[in-house]
Amino acid sequence: MKSGASGKDRPGTATSAVHAGCPAPRPGQPVVQPIVRSSTFYWSGPSDGVDLRYSRYGNNPNQISVAAKVAALEGTEAGLALASGMAAISSTILAAADAGDHVVASRHLYGATHALLAHELPRRGITTTFVDPGDPAAWGAALTPRTRVVLIELPTNPTLRVFDIGPARRAARSAGAILAADMTFATPVNIRAAEHGVDAVIHSATKYLGGHSDLIAGVVAGSRPLIEGVAKMMKLYGGSIDPQAAWLLERGMRTLPARMERHNRSAHALAEWFTGVEGVRQVLYPGLPSHPDHERAVRMLRGCGGMVSIVLNGGGEAADRFCSRLRLAVPAPSLGGVETLVSQPRHTSHVDLTSEEREALGIPDGFVRISVGLEDLEDLKADFRHAAATSPGRWAVEQATG
Ligand SMILES: Cc1ncc(COP(=O)(O)O)c(C=O)c1O
């Protein structure tokens, strides 16, 4: 392709989102790649001159298209789509680490990733040291001669911390390990992690990449050898994506930049609005100057994301009441869809911790995480105002909308 909006000799993000990975248009052929449900493909032998194709191998036409789109959006040599975000994470770690090897990981990780590293992989001889990602010295100090993976996640769930990638990258380089980053909350629209030295860029594509809460998928982007290693684990452990889900994901990704632009804008506006709401004790959004990582976030990210977290006065009871009174936003786990979703970490991701342990992590009872969707902002404000406007005198919301 010719030089695009990126100003370099490659198309811009929006153009890549629409066109990358799609077969070139030909007379009489469909503009949109059809879903190819066939699990296997005609192959009489090497003389056919084509690869042996089988959908568990990840080389069905829909799987190939979406993988190419992932690589184009992340600006990496190769990409891969898998059956879930967890398949992407586990296949990446298993590709890099053998029994006896070691992982250094941020303490701020998605719950299932933490469980995988803390409880499951040790059964297979792979151990993990968890570090405070905000302590630059912690990464290097945790390395062992067998460290093969350094893992970070950002922005983090649910406090939306944006930690510096530099110390994790330097630790990975000095150990000869790969730096893997779960960038689900950021998306390649807000940051291309490979440009910051991340070797394996991972997403739960169930979230923003799919964007419509109608599929489960994960992706990994990186160098060709790295992706070949991950694909090998995918084939052996069976974590390949179904062609139907690959097709839906590819369709969702076409609108990712347009959706993210609005997610970023609406979340920012809503975060500012929540700061004026009586009864809301704290608003967490990296785009607000009050956020601990605000300066880094605006320096590193093209947009501060579609997630906003609030802490209500009145603890868990107030949060339960708030969620039960919503008429537009949907109480449900997950995030990144076109519809606004709300969840309380004390009932979902952090249910196994005590109230005191959650409080120590900055997630007191009364904490509500909001995945801001694409609805009209005024309708969302009205919904949140209605949900908050109960028990007068306890945590009533301001009357003016601001
Ligand atoms: C940051 C993050 N990473 C990974 C996952 C796992 O993704 P999946 O549910 O697609 O396996 C999730 C799911 O919520 C997540 O939020």
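All figures in this text were calculated on a predicted structure; none of them were measured in a lab.

Caption draft 1: Region of the structure containing the domain arrangement of the protein. Each assigned domain of the protein is listed here: domain 1 (13–254) and domain 2 (257–388). Using C-alpha coordinates to define each centre, domain 1 is positioned 26 Å away from domain 2. Taken together, the contact between domain 1 and domain 2 spans 34 residues of the former and 39 residues of the latter. Both sides of the domain 1 and domain 2 interface together cover about 2800 Å² of buried area, and 60% of this is carbon and sulfur. Three residues, V162, N190 and Y208, lead the burial of domain 1 against domain 2; their summed loss comes to 26% of the area buried on that side. The interface formed by domain 1 and domain 2 holds two salt bridges in total.

Caption draft 2: Region of interest: the packing of helix α3 (residues 85–96) against helix α8 (residues 224–237). Where α3 contacts α8, the two axes come as close as 8 Å, and the packing angle between them is 115°. One element, α3, and the other, α8, form an angle in the roughly perpendicular class. Judged by the twist between their axes, the crossing of α3 over α8 is right-handed. Two secondary-structure elements touch here, α3 through S91, T92, L94 and A95 and α8 through G229, V230, M233, M234 and Y237. In the contact of α3 with α8, the residues fall into six nonpolar, three polar and no charged.

Caption draft 3: Spatial organisation of the environment of A332. Following the sequence through the fold, A332 ends up in the loop between β10 (330–331) and β11 (341–343). Between the C-alpha atom of A332 and that of T348, which follows or precedes it by 16 residues, the distance is 9.3 Å. Those residues within four positions of A332 in sequence are excluded, and the remaining contacts are L341, V342 and S343.

The rules behind the values
Throughout, residues of each chain are indexed from 1 in the direction in which the sequence is written. Where local features are concerned, this predicted model is filtered to residues with pLDDT of at least 70; where side-chain atom pairs are given and counted, the filter is 80 or more; whole-chain, interface and lining totals use all residues. Side-chain metrics in this entry use all non-hydrogen atoms of the structure; hydrogen atoms and water are not considered. Note that domain bounds follow an automatic or database assignment of domains. Note on contacts: a residue pair is in contact if any heavy atoms of the two residues lie within 4.5 Å. Once two parts are put together, the accessible area they lose, assessed with a 1.4 Å probe and summed over both, is termed the buried area. Here, a salt bridge means any side-chain nitrogen of Lys or Arg that lies within 4 Å of a carboxyl oxygen of Asp or Glu. Helix axes use the C-alpha atoms of the stretch in contact, all axes being lines fitted to C-alpha atoms, and the angles between their N-to-C directions lie in the range 0 to 180 degrees. Helix and strand labels come from DSSP, where a helix needs a run of H or I of at least four residues and a strand needs a run of E of at least two; each type is numbered from the N terminus. Here the word oblique covers every angle except those under 35 degrees (roughly parallel), over 145 (roughly antiparallel) and from 65 to 115 (roughly perpendicular). For any helix crossing, the convention is left-handed if the near helix is rotated counterclockwise from the far helix by under a right angle, and right-handed if that rotation is clockwise. In this classification, Asp, Glu, Lys and Arg are treated as charged, Ala, Val, Leu, Ile, Met, Phe, Trp, Tyr, Cys and Pro as nonpolar, and every other residue, Gly included, as polar.

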